[in-house]
Amino acid sequence: MDASRYLDTSLVETARAIAAGAVSGEAVVQAAIERIEATPEARACFVRFRPEAAVRTAVQNAQAAMPLNGIPMAHKDLFAIRGERTTFCANPAFHRSGIATAPVIDALDKAGAINLGGLHLAEFAMGAAGWNEAHGFLENPHDRDRVSGGSSSGSAAAVARRLVHAALGSDTGGSIRVPCSFCGVVGFKPTNGLVPLQGVYPVSPTLDTVGVVTREVEDCAPVMDVLTGGGHRFVEALQARGDKTRLGFLLPESYPTPPDPEALAAVEAARRAAEKAGYMVTDIRSDIPVQGNIPSGIVFVSEAGATHLDHMRGGMERVGEQVRNRMLLGMTYPASIYIRAMSQREAFARRWREEILSQVDYLVCPSTPCYAPRQDAYAGLDADGAIAFNGRLGSYTAWVNYLGLPAVSVPLYRSGNLPIGVQIIGDRHMDAEVLRVGRDVLRNA
C-alpha cells in the first residue's frame, strides 16, 4: 500500500485510517519524511528537521489509542522542546536549548502527533513576508518567485505542500492568517489566551496567540481539542447543527488599506458561498479596523522592544535591519503612549459589540489586501520601506489581535495558481462557532 496517499487526505480521514489499521502511523510518517526530502523546496520549509526522532516516536506509539496517533505535524521554530535548540530563524548567537517542553507541544506528543521539526519563520516572528537574514524568503508553493508570507511562513507552506497534515504557528498581528491567505490553506487564530503561551518565545505577550494551520477547517477541531485540553469540544461543535446566523461583510471603504481586485473577488466568493449555505448576509460599515490598527501597532512594537531589550543591548548588529528598526521604534514610545494604547482595548471591544455585533453575529473581510507579493518587490526597499510594505500585508488582521478575537482564514478565491483568503471573525470565546461558519462557507465556495 502506498502510504503517501494519506498525506493527500485530510487529517481526520488519516487518523481514522490509522485507528482502523488500514495504514500504520509509521508508514505515514515515513512517507512524509520521503516527501520532505524529495525536493529542496520542501526541505526548505524546515529549519530543524528531526526524521529519526519522528520515526522512533511513531514506532513507540504504534499500538496506542490516541486521537492524533501517527499524524505528521510540525511547528514554527518558536516553541521550546526540552534538550533541543530553538532557532527563531535568528542569528545563532540567539538560539536557545529548551529546558522544558512547551505545554502545547507536550499536549500534541501525548495525543500521538508526530513532530517532524521546526519550521521556517520571519526572524523572531516579526515580518509579514516571511523573510529573514539567515534563511531568506521561503518560496510560495504556488509560485516560486513569490513569498509564502509571514511570520508563520513554514507552517503555511508545509501544509500547502502536503508535507504534514497540520502545523502550529503563532499570530501576533496576522502571522498565521497572512501566510495561509498567500498559500491557500486554512489558518485559525483562537481567542487570545485560549491556548497556553508558555514555552513559546514572545513577540508581544498582549497580542500573541498560538494557532493552527490545516488544509481543511474540520482538521483544526481535533488539534484544538488537544491544545485546549478538550474542554471546548471543537469536534463536537463542528458535528452539531448550528443555526444559520447573520454574517456581516465589511464594506471596502472600511478596509484599513485599499484592496486589490483579487481581495474584492474573494469577498464576493465568500458572499455567494454564505448565501448558498443559508446564512443571512448584510453589509457593515465601521472604522474599528482602521482605528484599532493604530494602538495595535503601538502595543506590538513596544512589547517587542521590551522583549528583545537584552538582545539590542548585547548584540544589536546581529539582529536583521528590518526587525532591529521595529524594536528600536518600540523603545522610543513613552510609557504614557503604551499605557493609553492598552487602556483603549476594552473601549474598542465595547464598540465592536455595540456597533457590529448588534447587527450581525460574525464579520467577514479579506485576510490580506492582495495576492502573495513577488520576492523582487522587496529588492529596492530600504528597512523603513520594507516595514511599510509588511504593514500593508497585515493591515486587515492586526486589529483582530488587539481585540483578542478568534478568526479563521479560509481559501476562497484563486486566479490561476494564486490563492487569496477571507477571514471570518467572531466575538471572544466563540472559537468553535467561528470554525463552523468557516467550514460552511468553504464547503459552499
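One structure accompanies this document, and this report is about it.

When you line up the elements, S367 lands in the loop between β13 (362-366) and α16 (383-393). Within polar-contact distance, the side chain of S367 engages the backbone nitrogen of V422 at 3.5 Å. A distance of 3.3 Å separates a polar side-chain atom of S367 from the backbone nitrogen of Q423. Not counting residues within four places of it along the chain, the set of residues in contact with S367 comprises R177, S181, Y396, T397, S409, G421, V422 and Q423.

Together, E133, E321, D382 and D384 make up a negatively charged patch on the protein surface. The topology assignment puts D384 in helix α16.

Our next topic: the nonpolar core. With 137 residues, the main nonpolar core has F46, L116 and W352 as its most contacted residues. Of all the elements, helix α8 (residues 217-227) adds the most residues to this core, at 7 residues. In this structure W352 touches I288, L357, L363, W399, L403, L405, I425, G426 and D427, once residues within four positions along its chain are discounted.

Next up on the list: the environment of A398. You can see A398 is positioned in helix α17 (residues 398-403). Under the relative-accessibility criterion, A398 is labelled buried at 14%. Between the alpha carbons of A398 and G292 there is a distance of 8.0 Å; along the sequence they are 106 residues apart. Excluding anything up to four places from it in sequence, A398 contacts G173, N293 and S296.

Moving on to the pairing of strand β8 (residues 166-170). Within β8, 5 of the 5 residues are buried, which leaves it mostly tucked inside the rest of the structure. The alternating pattern of β8 places A166, L168 and S170 on one face and A167 and G169 on the opposite face, and all of these are buried. Bridge count between strand β2 (residues 72-76) and β8: 3 bridges; the pairing is parallel. Residue M73 lies in a different strand from β8, and its bridge partner there is A166.

Further remarks concern helix α13 (residues 321-332). With 12 residues, α13 ought to run about 16 Å at 1.5 Å a step, and its terminal C-alpha atoms sit 16 Å apart, in line with that. Of all the positions in α13, only Q322, V323, R324, R326, M327 and G330 are classed as buried. Elements in contact with the buried residues of α13: α11 (288-307), α12 (309-315) and α16.

A few words on the pattern of salt bridges. For the structure on display, the rule yields 22 salt bridges. Of the charged contacts in the structure, one is a salt bridge between R246 and D361, with a shortest N-O distance of 3.2 Å. Here D361 lies in the loop between α15 (345-356) and β13 and R246 lies in strand β11 (residues 246-250), a separation of 115 residues in the sequence. Given a relative accessible area of 27%, D361 falls into the partly exposed group.

The next subject is the sheet that holds strand β15 (residues 418-425). The strand order β1-β5-β2-β8-β10-β9-β14-β15-β13-β11-β12 describes an open sheet built from 11 strands, whose pairing is mixed. One side of each edge strand has no neighbouring strand; the edge strands of this open sheet are β1 (46-49) and β12 (280-284). This sheet shows a mean twist of 25° between the axes of neighbouring strands, independent of strand direction. Direction of pairing for β13 relative to β15: antiparallel, over a ladder of 4 bridges. Of the residues in β15, the one forming a bridge with P366 is V422. Running at roughly 25° to strand β5 (residues 114-119), helix α2 (residues 25-38) makes contact with β1, β2 and β5 of the sheet.

Given two aromatic rings, their pairing is described by the distance between the two centres and the angle made by the two planes. Inspection of the entire model under this criterion finds 12 aromatic pairs. Ring geometry for F188 against F234: centres 6.4 Å apart, planes inclined by 70°, an arrangement best described as edge-to-face. Of this pair, F188 sits in strand β9 (residues 186-189) while F234 sits in helix α9 (residues 234-239), placing them 46 residues apart in sequence. For the pair formed by F188 and F234, the shared burial category is buried. When the ring of Y378 is compared with that of F389, the centres are 4.9 Å apart and the planes differ by 70°; the resulting orientation is edge-to-face.

Moving on, we come to the pairing of β5. With 6 of 6 residues buried, β5 is to be regarded as a mostly interior element. Here 3 bridges tie β1 to β5, and the two strands are oriented antiparallel to one another. Looking across to β5, one finds that F49 is bridged to G117. For β2 and β5, the ladder comprises 4 bridges, and the chain directions are parallel. Bridged to K76 within β5 is L119.

So, on to unusual backbone geometry. Of the consecutive residues G150 and S151, the connecting peptide bond is found in the cis state with omega at 5°. Relative to the assigned elements, S151 resides in the loop between β7 (143-147) and α6 (153-160). You will see that R233, though not glycine, has its phi angle at about 50°, which is positive. With respect to the helices and strands, the residue R233 is situated in the loop between α8 and α9. Even without being a glycine, H429 presents a positive backbone phi close to 70°. Relative to the assigned elements, H429 resides in the loop between β15 and α18 (431-443). A relative accessible area of 56% places H429 in the exposed class.

What counts as what
- Residues numbered from 1 in each chain as written.
- Predicted model: local features only at pLDDT ≥ 70, side-chain atom pairs only at ≥ 80, totals over all residues.
- Heavy atoms only, no water.
- Helix = DSSP H or I, 4+ residues; strand = E, 2+ residues; numbered from the N terminus.
- Polar contact = N/O pair within 3.5 Å; in protein donor to acceptor, adjacent residues only side chain to side chain.
- Contact = heavy atoms within 4.5 Å.
- Patch = residues over 30% accessible without salt bridge, like charges linked within 9 Å, V, L, I, M, F, W, Y side chains within 5 Å.
- Areas by Shrake-Rupley, 256 points an atom, 1.4 Å probe, with all protein chains shown as cover.
- Salt bridge = Lys/Arg side-chain N within 4 Å of Asp/Glu carboxyl O.
- Lys, Arg positive; Asp, Glu negative; His and termini not counted.
- Charge placed at Lys NZ, Arg CZ, Asp CG, Glu CD.
- Core = buried A, V, L, I, M, F, W, Y, C linked by side-chain atoms within 4.5 Å.
- Buried < 20%, exposed > 50% of the residue type's maximum accessible area, 1.4 Å probe, protein only.
- Pairing = 2+ DSSP bridges.
- Expected span 1.5 Å × (residues − 1).
- Axes fitted to C-alpha atoms, helices over the stretch in contact; angles between N-to-C directions.
- Phe/Tyr/Trp six-rings, centres within 6.5 Å; stacked < 30°, edge-to-face > 60°.

Note that every value here comes from positions in space, so none of it alone points to a role or purpose.
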